[in-house]
Amino acid sequence: MNMLSPDGPVAQWIFQLWWVLIAGGVAVYVLTIGALAYAVLRRRKATDPAPENREGKGRNVAIATGLTALILTSLAFASYTTGRAIADSHAMEGIPVSVTGQQWWWEVYYPNPEPRLSVLTANEIHIPTGQKIKLDLRAVDVIHSFWVPNLAGKRDLIPSRVTMTWLQADKPGVYRGQCAEFCGYQHAHMGFLVIAHEPAKFQHWLENERKPAVESADPLAQRGKQVFLSQSCMFCHAIRGIPAFGSTGPDLTHVGSRQSLGALTMRNDQASLINWIRDSQHYKPGTRMPPIRVADDDLNALATYLESLK
Ligand code: CUA
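From a predicted model like this one, the values you see are computed outputs, not experimental measurements.

(A) Quick peek at the sheet that holds strand 7 (residues 152-157). Pairing within the open sheet is mixed, and its 5 strands lie in the order 4-10-9-6-7. In this open sheet, the two strands that pair with only one neighbour each are strand 4 (124-128) and strand 7. The mean inter-strand angle of the sheet, taken between neighbouring strand axes irrespective of direction, is 20 degrees. Contacting strand 4 and strand 10 (191-197), helix 3 (residues 199-210) runs over the sheet at an angle of about 135 degrees to strand 4.

Shown next as structure tokens:
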């Protein structure tokens, strides 16, 4: 995460503004300290009049005031221009993606006029490079803030409101994002990834996400599916293709293809998944996911099944 290494136009504008403000701030600091040092160090001549009788005092104050006003106005103008440049592009049509923040994860939705072609996932926003992505941001519980420093500035997600922002990645890559507004105990564990692909690869990803969950031929995975359906999992999680329709937690239809568990809390692999299901409260205290009590064999089968959902 580094806003000084911009990889898209929004981040580029913010980066330029940052340099203007830093350069302006440094120049003012140097001038001020220089004037102060000059005043302290210079020798007063015996013939100097008392300060209140000095000529040109009013003129110097006027120059300093004018200079201050000029600097502040220029910096405000630079900030305004950057804001306009980012906001103007809002009007342009980008690929719509809805992001909903909740304690403490991100739901990511790719709407489509044809509902069966919409895509629902979590904690990962896949995007094509070189195209604008228009983001609608919502929150279900408290205020969160969407921030991917390499691609765009912060934007708050506010309950009962929709805020908007946009971003674009110029080259393929994985960009880390983070909730930037304190939102409770696990605020720090509310990360996400923006994964930028070449457009053709993105389309491939999107088409795969549209499919219902794969049916694995592995008997262990099949047993895992039965465990999933016989436990409380399906009350909170949905998997398209099997009768699991919960919407409290992330959609798990393609959970095996995601890089992390618990919004970047853990790597997504079989061992972590077992630990997460058994005792998520240990790794992310306060998360809504309760500990799931299942026999070790069943747990292993369950993790195998979930990891097979690519
Ligand atoms: Cu969500 Cu901090």
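(B) Expanded view of the sheet that holds strand 1 (residues 95-102). The strand order 3-2-1-5-8 describes an open sheet built from 5 strands, whose pairing is mixed. Bordering the open sheet on either side are strand 3 (119-122) and strand 8 (163-167), each of which pairs with just one other strand. Adjacent strand axes in the sheet meet at a mean angle of 25 degrees, parallel and antiparallel pairs treated alike. Where strand 2 (residues 105-110) and strand 3 come together, 4 bridges link them in antiparallel fashion. Within strand 3, the position partnered with Tyr110 by the bridge is Val119.

(C) Here's a closer look at the packing of helix 4 (residues 219-230) against helix 7 (residues 296-308). Contact geometry for helix 4 and helix 7: axes closest at 7 Å, N-to-C directions at 105 degrees. Taken together, the axis directions place helix 4 and helix 7 in an arrangement best described as roughly perpendicular. Each of Leu220, Ala221, Arg223, Gly224, Lys225, Val227 and Phe228 in helix 4 lies in contact with helix 7, whose residues at this interface are Asp297, Asp298, Asn300, Ala301, Leu302, Thr304, Tyr305, Leu306 and Ser308. Across the contact of helix 4 with helix 7, the residue classes break down as 8 nonpolar, 4 polar and 4 charged.

(D) Focus on the layout of surface pockets. One number sums up the size of the largest pocket: a volume of about 570 Å³. Forming the boundary of the largest pocket are 31 residues, of which His237, Gly249, Pro250, Trp276 and Met289 lie nearest the centre. Every element with two or more residues in the lining of the largest pocket is listed here: helix 5 (233-236), strand 13 (260-261), helix 6 (270-283) and helix 7. Per-element tally for the lining of the largest pocket: the top contributor is helix 6, with 3 residues. Of the residues that constitute the lining of the largest pocket, the class distribution is 19 nonpolar, 9 polar and 3 charged.

(E) Fine view of the packing of aromatic side chains. Within this structure, the stated rule accounts for 9 aromatic pairs. With 6.4 Å between their ring centres and 70 degrees between their planes, Trp13 and Trp166 make a pair best called edge-to-face. Remark: Trp166 occurs in strand 8 and Trp13 occurs in helix 1 (residues 9-41); sequence separation between them is 153 residues. Judged by its relative accessible area of 28%, Trp13 is partly exposed. According to the relative accessible area criterion, Trp166 is buried, its value standing at 3%. With a centroid separation of 4.7 Å and 55 degrees between ring planes, the pair formed by Trp106 and Phe192 is classed as tilted.

(F) View of empty space enclosed by the protein. Going through the model one piece at a time under the given rule, you end up with 2 cavities of 30 Å³ or more. By volume, the second largest cavity is sized at about 30 Å³. Lining the second largest cavity we find Thr121, Glu124, His126, Trp205, Glu209, Ser257 and Arg258. Secondary structure elements with two or more residues in the lining of the second largest cavity: strand 4 and helix 3. Among the residues making up the lining of the second largest cavity, the classes are represented as 1 nonpolar, 3 polar and 3 charged.

(G) Inspection of the pattern of salt bridges at higher detail. Within the structure shown, the criterion is met by 8 salt bridges. For Arg116, the salt bridge identified is with Glu114, shortest N-O distance 2.9 Å. On the basis of relative accessibility, which here comes to 36%, the residue Glu114 falls in the partly exposed class. Between Arg278 and Asp296 there is a salt bridge; the shortest N-O distance is 3.6 Å. Placement of Arg278 in helix 6 and of Asp296 in helix 7 is noted, with a sequence separation of 18 residues between them. Salt bridges sharing partners connect three or more residues here, namely Lys134, Asp136 and Arg138.

(H) Seen up close, the environment of Lys310. With respect to the helices and strands, Lys310 occurs in the segment after helix 7. Judged by its relative accessible area of 47%, Lys310 is partly exposed. For Lys310 and Gly256, which are 54 residues apart along the polypeptide, the C-alpha to C-alpha distance reads 4.6 Å. In contact with Lys310, not counting residues within four places along its chain, are Asn208, Val214, His254, Gly256 and Ser257. Separated by 3.2 Å, the side chain of Lys310 and the backbone oxygen of Gly256 make a polar contact.

Calculation rules
- Residues numbered from 1 in each chain as written.
- Predicted model: local features only at pLDDT ≥ 70, side-chain atom pairs only at ≥ 80, totals over all residues.
- Heavy atoms only, no water.
- Pairing = 2+ DSSP bridges.
- Helix = DSSP H or I, 4+ residues; strand = E, 2+ residues; numbered from the N terminus.
- Axes fitted to C-alpha atoms, helices over the stretch in contact; angles between N-to-C directions.
- Contact = heavy atoms within 4.5 Å.
- Parallel < 35°, antiparallel > 145°, perpendicular 65-115°, else oblique.
- Nonpolar A, V, L, I, M, F, W, Y, C, P; charged D, E, K, R; others polar.
- 1 Å grid on protein atoms, 1.4 Å probe; cavity = no way out; pocket = protein on both sides within 12 Å on 5 of 7 lines; lining within 4 Å.
- Points joined across faces, edges and corners; volume = space filled by probe spheres on them.
- Phe/Tyr/Trp six-rings, centres within 6.5 Å; stacked < 30°, edge-to-face > 60°.
- Buried < 20%, exposed > 50% of the residue type's maximum accessible area, 1.4 Å probe, protein only.
- Salt bridge = Lys/Arg side-chain N within 4 Å of Asp/Glu carboxyl O.
- Polar contact = N/O pair within 3.5 Å; in protein donor to acceptor, adjacent residues only side chain to side chain.

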